[in-house]
Amino acid sequence: MSALSLSRRPLAAGEVISVIGELDATTAGDLECFIGGSGRPGEPLLLDLDGLTFMDSSGLHTLLRVHAGVRERGGCLHLAAVRDVPARVLEITGVEEVLNVHAGVEEAAVAVCAPPASPSGGQ
């Protein structure tokens, strides 16, 4: 039986949710419910996946639904420290090109707290 451990902590802008364990058909709903009550509209959400040891297609779909939900509320989703099997799943499906994936939590936190870039070529 797989287990998923979830915890949250605030950031200067948004919050970090640490995900530890396996994200599969039996735990994907737990993550989605946990995230459902997170954050305020317009704030970014950072998922620290350093402790995520496995992810299947159910977990992948959950990340995509969370991404869409955060965007609907005016925020953005950032993934940090994706390793091993979960990183491979993101890579082979091309999802890493759609999501904001960072090497580590510190790098992601800087990106989350940075002011949005202004469009180039105009004033």
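Cut-offs used in this document
- The residue count restarts for each chain, going from 1 along the sequence in the order it is written.
- Owing to the predicted nature of the model, reporting of local features is limited to residues with pLDDT of at least 70; listing and counting of side-chain atom pairs is limited to 80 or more, with chain, interface and lining totals taken over all residues.
- Note that the side-chain values use all heavy atoms of the structure and ignore hydrogens as well as water.
- A run of DSSP states H or I qualifies as a helix once it reaches four residues; a run of E qualifies as a strand once it reaches two. Both are numbered from the N-terminal end.
- Per-residue accessibility, obtained with a 1.4 Å probe over protein chains only, is compared with the maximum for each type, and a residue is labelled buried under 20%, exposed over 50%, and partly exposed between these values.
- Contact criterion: two residues are considered in contact whenever any of their non-hydrogen atoms come within 4.5 Å of each other.
- Here the Shrake-Rupley method, with its probe set to 1.4 Å, supplies the accessible areas, and only the displayed protein chains count as covering residues.
- Pairs of strands are assigned from DSSP output, requiring at least two bridges between the strands.
- Axes here mean lines fitted to C-alpha atoms, for a helix over just the part in contact, with angles spanning 0 to 180 degrees between N-to-C directions.
- This arc is taken over the directions from the axis of the helix to the C-beta atoms.
- Put simply, a nonpolar core is a bunch of buried Ala, Val, Leu, Ile, Met, Phe, Trp, Tyr and Cys residues held in one set by side-chain atoms that sit within 4.5 Å of each other.

Visitor: Tell me what's going on with the overall build of the chain, and back it up with residues and numbers.
Guide: Of regular secondary structure, the chain possesses 4 helices and 5 strands. The linear arrangement of helices and strands in the chain, starting from the amino end, is β-β-α-β-α-β-α-β-α. Within the chain, the fraction of its 123 residues that count as buried is 40%. Looking at the chain alone, contacts between residues at least 24 apart form 67% of all its contacts between residues at least 6 apart. Of the roughly 6,700 Å² that the chain leaves accessible, carbon and sulfur atoms contribute 55%.

Visitor: Tell me about the environment of His61, residues and numbers included.
Guide: Positionally, His61 belongs in helix H2 (residues 57-72). Distance from His61 to Asp24, taken between C-alpha atoms, is 9.8 Å for residues 37 residues apart in sequence.

Visitor: I'd like a description of the sheet that holds strand E2 (residues 15-23), backed by residues and values.
Guide: The mixed open sheet is built from 5 strands, whose spatial order is E1-E2-E3-E4-E5. What marks the edges here is a single partner per strand, and that holds for strand E1 (4-10) and strand E5 (100-102). Adjacent strand axes in the sheet meet at a mean angle of 20° when their direction is disregarded. Pairing between strand E4 (residues 77-80) and E5: 3 bridges, direction parallel. Its bridge partner lying in E5, Leu79 is registered against Val101. Those strands touched by H2 are E2, strand E3 (45-55) and E4, and its axis lies near 175° from that of E3.

Visitor: Provide a residue-level description of helix H3 (residues 84-93), including the pertinent values.
Guide: Where H3 is concerned, the buried positions are Pro86, Val89 and Leu90. Down the axis, H3 shows its buried residues gathered within 95° of arc, on one side only. Exposed residues lying more than 90 degrees from the buried face of H3 are Asp84 and Ile92. Where H3 is buried, its residues contact E3, H2, E4 and E5. Two residues or fewer past H3, Gly94 is found with a positive phi of approximately 80°.

Visitor: Tell me what's going on with the nonpolar core, and back it up with residues and numbers.
Guide: In this structure, Leu23, Leu45, Leu47, Leu79 and Leu90 are the most contacted members of the largest nonpolar core, which totals 23 residues. Taken together, the elements giving at least two residues each to this core come down to E2, helix H1 (28-36), E3, H2, E4 and H3. If you tally residues by element for this core, the top one is E3, at 5 residues. Beyond its immediate chain neighbours, meaning those up to four positions away, Leu79 contacts Leu47, Leu49, Leu63, Leu90, Leu99, Asn100, Val101 and His102. One finds Val16, Leu46, Ala80 and Val112 within the second-largest nonpolar core, a separate group that totals 7 residues.

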